Amino acid sequence: MSEQFHKIRRLPPYVFEQVNRLKASARAAGADIIDLGMGNPDLPTPQGIIDKLCEAVQDPRTHRYSSSKGIPGLRKAQANYYARRFGVKLNPDTQVVATLGSKEGFANMAQAITAPGDVILCPDPTYPIHTFGFVMSGGVIRSISAKPDDSFLVSLERGVKHSIPSPIALILSFPSNPTAQVATLDFYKEVVAFARKHNIIILSDLAYSEIYFDENNPPPSVLQVEGAMDVAVEFTSMSKTFSMAGWRMGFAVGNERLIAALTRVKSYLDYGAFTPVQVAATAALNGDGSDIEYVRNVYKTRRDVLVESFGRAGWEIPSPEATMFAWVPIPERYRAMGSLDFSKLLIEKADVAVAPGLGFGEHGDEFVRIALVENEHRIRQAARNIKRFLGNADGVA
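Residue positions are given per chain, counting from 1 as you read along its sequence in written order. At least 70 in pLDDT is required for a residue's local features to be given in this predicted model, at least 80 for side-chain atom pairs to be given and counted, and no such filter applies to totals for whole chains, interfaces and linings, which use all residues. Based on all heavy atoms of the structure, the side-chain values leave hydrogens and waters out of the count.

**Thoughts on the side chain of Arg-302**
Right, so step 1: Labels follow the DSSP assignment, with helices taken as runs of H or I lasting at least four residues and strands as runs of E lasting at least two, numbered in each case from the N terminus. Position of Arg-302 among the secondary structure elements: in helix α11 (residues 290-313).
Right, so step 2: Two N or O atoms form a polar contact when they lie within 3.5 Å of each other; inside protein one atom must be a possible hydrogen donor and the other a possible acceptor, and for residues adjacent in sequence the pair counts only when both atoms belong to side chains. Reaching out from Arg-302, the side chain makes a polar contact with the backbone oxygen of Leu-372 at a distance of 2.9 Å.
Right, so step 3: Setting aside residues up to four positions removed in sequence, Arg-302 forms contacts with Asp-42, Leu-43, Leu-372, Val-373, Glu-374, Asn-375, Glu-376 and Ile-379. When checking whether two residues touch, look at their non-hydrogen atoms; a contact exists if any pair is within 4.5 Å.

**Thoughts on the packing of aromatic side chains**
Right, so step 1: Aromatic pairs are defined between Phe, Tyr and Trp rings, using the six-membered ring for Trp, whenever the two ring centres lie within 6.5 Å; interplanar angles under 30 degrees are classed as stacked, those over 60 as edge-to-face, and all others as tilted. Throughout the structure, instances matching the rule amount to 18 aromatic pairs.
Right, so step 2: Ring geometry for Phe-187 against Tyr-188: centres 6.0 Å apart, planes inclined by 50°, an arrangement best described as tilted. No difference in accessibility class separates Phe-187 from Tyr-188, as the two residues are buried.
Right, so step 3: Through a chain of ring-to-ring contacts, three or more aromatic side chains come together here, namely Phe-310, Trp-315, Tyr-334, Phe-342 and Phe-389.
Right, so step 4: Here, over-ring charges are defined by two tests on the NZ atom of lysine or the CZ atom of arginine: distance to the ring centre within 6 Å, and angle to the ring normal within 35 degrees. Above the plane of the ring of Phe-325 lies Arg-369, whose end atom (NZ or CZ) is 3.9 Å from the centre. The classification of residues rests on relative accessible area computed with a 1.4 Å probe and restricted to protein chains. Under 20% of the type maximum is buried, over 50% is exposed, and intermediate values are partly exposed.

**A few points about the sheet that holds strand β3 (residues 119-123)**
Right, so step 1: Note on pairing: DSSP must find at least two bridges between two strands before they are called paired. The 7 strands are arranged β2-β8-β7-β6-β5-β3-β4 in an open sheet whose pairing can be described as mixed. Every other strand in the sheet has two partners, leaving β2 (96-99) and β4 (140-144) as the edge strands with one partner each. Taking each pair of neighbouring strands and ignoring which way they run, the sheet shows an average axis angle of 20°.
Right, so step 2: Judged from the 4 bridges that link them, strand β6 (residues 201-205) and strand β7 (residues 232-237) form a sheet pairing that is parallel. When the bridges of β7 are listed, Ile-202 appears paired with Ala-232.
Right, so step 3: Those strands touched by helix α7 (residues 150-162) are β3, β4 and β5 (169-173), and its axis lies near 145° from that of β4. Geometry is summarised by axes, namely lines fitted to C-alpha atoms with helices restricted to the contacting stretch, and by angles between N-to-C directions that run from 0 to 180 degrees.

**Overview of the sheet that holds strand β11 (residues 355-356)**
Within a sheet, adjacent strands bond to each other through the backbone by hydrogen bonds, running parallel or antiparallel.
Right, so step 1: Sheet architecture is open: 3 strands sit in the order β9-β12-β11, paired in antiparallel fashion. Each of the sheet's edge strands pairs with one partner strand only, and the pair in question is β9 (325-329) and β11.

Laid out in structure tokens, this is it:
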């Protein structure tokens, strides 16, 4: 038992855990750490959703095993959401499955479709489960550009040309965690055409579909593209949209064959989320949208405060188009040390925690991700700490 297990050996050290240990140690020593690292929403779940949960849990019938693929009303509510938001028609019985958050959905889809040695095209940087879900399933990752522009399409062509065997799947993640970039419908049209030409599955992570800041240009779904349903599955989550991170509720929708494969794998592994959680999630999806708008406005305000206050402190923050994150270049004088050591330095010298970009892929090592999970006062306090750290003479609000 002295050797590590095969799948564990394939996983690198968890970069974020090193930051978490230092953060915990600093707090234990009495430091007031402003945590802008983990994307863990601080906003409460809307009261109406909580009330529906409490109502449902009073019914003893909801205490039994639930449905792994999601109760019918929940799947219908998700289909109706796609119809309203994207104009996409889904069959709730064959094209929708509830997941325990989008992370679980991605991991189990990897289990469902991957044979040992299969090649997956994945952006770098990206959210870790997009790569390691497939690594744990025996797949091989080929990194491609993370920008939703011509460079992405060029790297797709290169990936197919130089991969043996040919790639079986492509990961999309827009709005992106961590880069906060947003894709256009025209971009999706080109990607879908490419995937159909080369017989490649598209797995699209749309967890941040509702956290966007240009109200005239809400992020599209890849399933809006004609023909996308032949090759694509999309994953969404209620974690950020409704501040329901701990509730673990998400969805996979799209191609019937792929949804059936995911549903079958899940049927062996879980009985689905607790039924009252599914009932409350149904009520949330069937709501009037005011809860979503409130959350979006909070993050927009926090984004503006972050950009303004950190900029005055001497650290320029590119203003994110969407998500609850900012993807920020490390200040030039510290860039050579890399994102992990810089993140540790911020905890030690500024009492501010961020996520090292290296945790999202090797091409993220000159960046850190800042999460909008503290209120405006705390963000401004973090900026003051950063100002002292950088030795900037300018004032900070």
